[in-house]
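# Per-entry structural report
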Amino acid sequence: MISAIPSHPLTIAEQRISSLPSIYTDSSTMFLLDPTTHVDSSELKANNIYQLLNNKIHTVDQTGTQKWNKSIPTNNNEWAQLFKSIPKLCKEPKLREFHFKPLHRIVVTRKDLCKYRIKPDSDCIYCGEGDSLEHTFMNCSFRKTFFVRILDWLNEEYQCTFVPSEKEMLFGINGNTKAVRRLNFTLLFMKYYIYGRN
Ligand SMILES: [Zn+2]
């Protein structure tokens, strides 16, 4: 088959191949994935390949966290901590999923429903102002009053003095004590209730 290729393009192809740097090192199982990554193919497992793929793809911050940073500045360590904390938050898969979605800004609000012409307007059902992700989870006056009342009840019922910041109200408090886990679960359930009725 190679003999059927005219000699001129064949010579050019051979020259180009010979000028390429070899990705294989001295060992037959080792190769260079990129200038800084040595890979031993005999040791490769599925999770290693997944990790290498992730490193290659995730070269910039995700858009969801970038957008949140505009209203709630959060550094990369805090984001990493937030995503790692999801499995510890609760056992209910639906609530875990619900916590994950707003972090990635992949929940649908009435603003989106109006945009897709599923709802006639984008008004918040609680206060009548224009709805959005920030409105539902941060700025809605009904949400603020509701959260304060529940927080007062929680502090009184369990003899604690939690005063979460806006960011902590939205994403939960860092920590793993029983009291913190109780508070984070309560905050999550409040958001789930508010969003579910919207
Ligand atoms: Zn509202």
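As the structure is a prediction and not an experimental result, all values here were calculated from the model.

A count of helical and extended segments in the protein gives 11 helices and 2 strands. Reading the secondary structure of the protein in the N-to-C direction produces α-β-β-α-α-α-α-α-α-α-α-α-α. For the protein, with 198 residues in total, the buried portion stands at 10%. The contacts of the protein with a sequence gap of at least 6 include a subset with a gap of at least 24, amounting to 40%.

Looking now at the environment of Gly175. Considering the arrangement of structural elements, one finds Gly175 in the loop between helix H10 (166–171) and helix H11 (178–197). Looking at Gly175, the number of C-beta atoms within 10 Å reads 11, which means it is exposed. In this structure the C-alpha to C-alpha distance between Gly175 and Ser85, which are 90 residues apart in sequence, comes to 9.0 Å.

Examined bridge by bridge, strand E1 (residues 30–34) and strand E2 (residues 37–40) share 4 bridges and lie antiparallel to one another. Among the inter-strand pairings, Met30 is bridged to a residue of E2, identified as Asp40.

Moving on: the packing of helix H9 (residues 141–157) against H11. For the pair H9 and H11, interaxial distance at closest approach is 11 Å and the crossing angle is 150 degrees. By the angle between their axes, H9 is roughly antiparallel relative to H11. Here H9 and H11 pass one another in a crossing that is right-handed. Each of Arg143, Phe146, Phe147, Ile150 and Leu154 in H9 lies in contact with H11, whose residues at this interface are Leu183, Thr186, Met190 and Ile194. For the contact of H9 with H11, the per-class residue count stands at 7 nonpolar, 1 polar and 1 charged.

The next thing to look at is the confidence of the model for the protein. With 90% of its residues at a pLDDT of at least 70, the protein reaches an overall mean of 85. Put simply, helix H1 (residues 7–19) is where the protein has its lowest mean pLDDT, 69, and H9 is where it has its highest, 95.

We note that Arg105 has phi near 55 degrees; this positive angle belongs to a residue other than glycine. The class for Arg105 is partly exposed, based on 16 C-beta atoms found within 10 Å. A positive phi is found at Gln159, a non-glycine position, where the angle reads about 50 degrees. For Gln159, a count of 7 C-beta atoms within 10 Å gives the class exposed.

A word on H9. With 17 residues, H9 should reach 24 Å at 1.5 Å per residue; the first-to-last C-alpha distance of 24 Å fits that figure. Remark: Gln159 follows H9 within two positions and exhibits a positive phi of approximately 50 degrees.

Our next topic: the environment of Met138. Residue placement: Met138 occurs in helix H8 (residues 133–139). For Met138 and Met169, which are 31 residues apart along the polypeptide, the C-alpha to C-alpha distance reads 8.4 Å. Residues in contact with Met138, not counting those within four places in the same chain, are Glu166 and Leu170.

Reading the values: the criteria
Residues numbered from 1 in each chain as written. Predicted model: local features only at pLDDT ≥ 70, side-chain atom pairs only at ≥ 80, totals over all residues. Helix = DSSP H or I, 4+ residues; strand = E, 2+ residues; numbered from the N terminus. Buried ≥ 20, exposed ≤ 12 C-beta atoms within 10 Å, placed from the backbone. Contact = placed C-beta atoms within 7 Å. Pairing = 2+ DSSP bridges. Axes fitted to C-alpha atoms, helices over the stretch in contact; angles between N-to-C directions. Parallel < 35°, antiparallel > 145°, perpendicular 65-115°, else oblique. Left-handed = near helix turned anticlockwise from the far one by under 90°. Nonpolar A, V, L, I, M, F, W, Y, C, P; charged D, E, K, R; others polar. pLDDT = per-residue confidence, 0-100. Expected span 1.5 Å × (residues − 1).

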